[in-house]
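The residues making up each chain are set out below.
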Amino acid sequence: GTNPKTGKPNSVRLYSIAASRYGDDFTGETTTLCVRRATYWCPELGAEDPAKKGVCSNYLCDATPGTECKMTGPSGKVMLMPESDNYNADIIMVATGTGIAPYRAFWKRLFVENGPAAEAYKGGAWL
């Protein structure tokens, strides 16, 4: 979208993708994000301050299915499976700042999708 104060495009926001490379519909043409609406409670107003709402999170939360938006990426690190000689190892996932989005994708890859990772992995996963 456009920043109403400057007339320029809004700055890039980084979100963790919550779907594997196959997407939630298994076509590889969709993706999923876990987004929390960003709001600010103003004690003086006794209400949410509309001037301080999250631009992108609110846009995404208000979007309807089929809404198109520009995306770029991926950037950052990827999560890898245990080495092939240790497919029985349990995985403990701790969300210490990224939220649950990347773990949702990893969990689906292990236990929902019919792929090599799901076939090979026999351990447990804890979030």
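Residues numbered from 1 in each chain as written. Predicted model: local features only at pLDDT ≥ 70, side-chain atom pairs only at ≥ 80, totals over all residues. Heavy atoms only, no water.

Asker: Looking at this model, I keep getting lost on the state of the cysteines. Mind explaining?
Answerer: A full pass over the atoms with the stated rule returns zero disulfides. Cys69 takes part in no disulfide bond, and the closest cysteine sulfur to it belongs to Cys56, at a distance of 7.6 Å. Under the relative-accessibility criterion, Cys69 is labelled partly exposed at 39%. (Disulfide = S-S within 2.5 Å. Buried < 20%, exposed > 50% of the residue type's maximum accessible area, 1.4 Å probe, protein only.)

Asker: Before we go on, may I ask you to explain the nonpolar core in this structure?
Answerer: Generally speaking, a soluble globular protein has its nonpolar side chains buried in company with each other. Within the largest apolar cluster, six residues are counted, these being Ile91, Met93, Tyr103, Phe106, Leu110 and Tyr121. The element that contributes the greatest number of residues to this core is helix 2 (residues 101–111), accounting for three residues. (Core = buried A, V, L, I, M, F, W, Y, C linked by side-chain atoms within 4.5 Å. Helix = DSSP H or I, 4+ residues; strand = E, 2+ residues; numbered from the N terminus.)

Asker: Hey, could you run me through the pattern of salt bridges in this one?
Answerer: When their charged atoms lie close together, side chains carrying opposite charge are able to pair. This structure, assessed with the given rule, holds four salt bridges. Between Lys108 and Asp24 there is a salt bridge, with its nearest N and O atoms 3.0 Å apart. Of the two residues, Lys108 is situated in helix 2 and Asp24 in the segment before strand 1 (41–42); the sequence distance between them amounts to 84 residues. What emerges from the salt-bridge pattern is a single network uniting Asp24, Arg104 and Lys108. (Salt bridge = Lys/Arg side-chain N within 4 Å of Asp/Glu carboxyl O.)

Asker: How should the layout of surface pockets be read in this particular structure?
Answerer: A water-sized probe rolled over the atoms picks out the places where empty space is left. Of the pockets and cavities examined, the second largest pocket occupies roughly 150 Å³. What lines the second largest pocket is simply Thr2, Asn3, Pro4, Lys5, Asn10, Ser11, Arg13, Ala51, Lys53 and Val55. Its residues assigned to classes, the lining of the second largest pocket comprises three nonpolar, four polar and three charged. (1 Å grid on protein atoms, 1.4 Å probe; cavity = no way out; pocket = protein on both sides within 12 Å on 5 of 7 lines; lining within 4 Å. Points joined across faces, edges and corners; volume = space filled by probe spheres on them. Nonpolar A, V, L, I, M, F, W, Y, C, P; charged D, E, K, R; others polar.)

Asker: Explanation requested: the environment of Asn86 in the structure shown.
Answerer: Along the chain, Asn86 turns up in the loop between helix 1 (55–62) and strand 3 (91–92). In this structure the C-alpha to C-alpha distance between Asn86 and Ala120, which are 34 residues apart in sequence, comes to 10.0 Å.

Asker: What is the right way to look at the side chain of Thr32 in this model?
Answerer: Relative to the elements of secondary structure, Thr32 occurs in the segment before strand 1. In terms of polar contacts, Thr32 uses its side chain to reach the side chain of Asp24, at 2.2 Å. With residues near it in sequence (within four places) discarded, Thr32 still touches Ile17, Ala18, Ala19, Asp24 and Arg104. (Polar contact = N/O pair within 3.5 Å; in protein donor to acceptor, adjacent residues only side chain to side chain. Contact = heavy atoms within 4.5 Å.)

Asker: How should unusual backbone geometry be read in this particular structure?
Answerer: For Phe26, which is not a glycine, the phi torsion comes out positive at approximately 65°. With respect to the helices, strands and loops of the structure, Phe26 is situated in the segment before strand 1.

Asker: Help me understand the environment of Thr32, please; the structure alone is not making it clear to me.
Answerer: On the accessibility criterion, Thr32 (19% relative accessible area) is buried. Residues Thr32 and Phe106, spaced 74 residues apart in sequence, show a C-alpha to C-alpha distance of 13 Å.

Asker: Help me understand helix 2 in this model?
Answerer: Structurally, the α-helix is built with 3.6 residues per turn, so residues lying three or four positions apart point the same way. Where helix 2 is concerned, the buried positions are Ala101, Pro102, Tyr103, Ala105, Phe106, Lys108 and Leu110. Along its buried surface, helix 2 packs onto strand 3 and helix 3 (116–120).

Asker: Which parts of the structure should I look at to understand the packing of aromatic side chains?
Answerer: Here a ring pair, both rings aromatic, is described through the centre-centre distance and the interplanar angle of the planes. The tally for this structure, following the rule as stated, stands at two aromatic pairs. Judged by centre distance (6.5 Å) and plane angle (55°), the rings of Trp107 and Phe111 are tilted. Of the two residues, Trp107 and Phe111 are both situated in helix 2; the distance of four residues between them amounts to about one turn of the helix. Aromatic side chains Phe111 and Tyr121 sit 6.3 Å apart centroid to centroid with 65° between the ring planes, which places their arrangement in the edge-to-face category. Placement of the pair is Phe111 in helix 2 and Tyr121 in the loop between helix 3 and strand 4 (125–126), with a sequence separation of ten residues. For Tyr121, a relative accessible area of 4% puts it in the buried group. (Phe/Tyr/Trp six-rings, centres within 6.5 Å; stacked < 30°, edge-to-face > 60°.)

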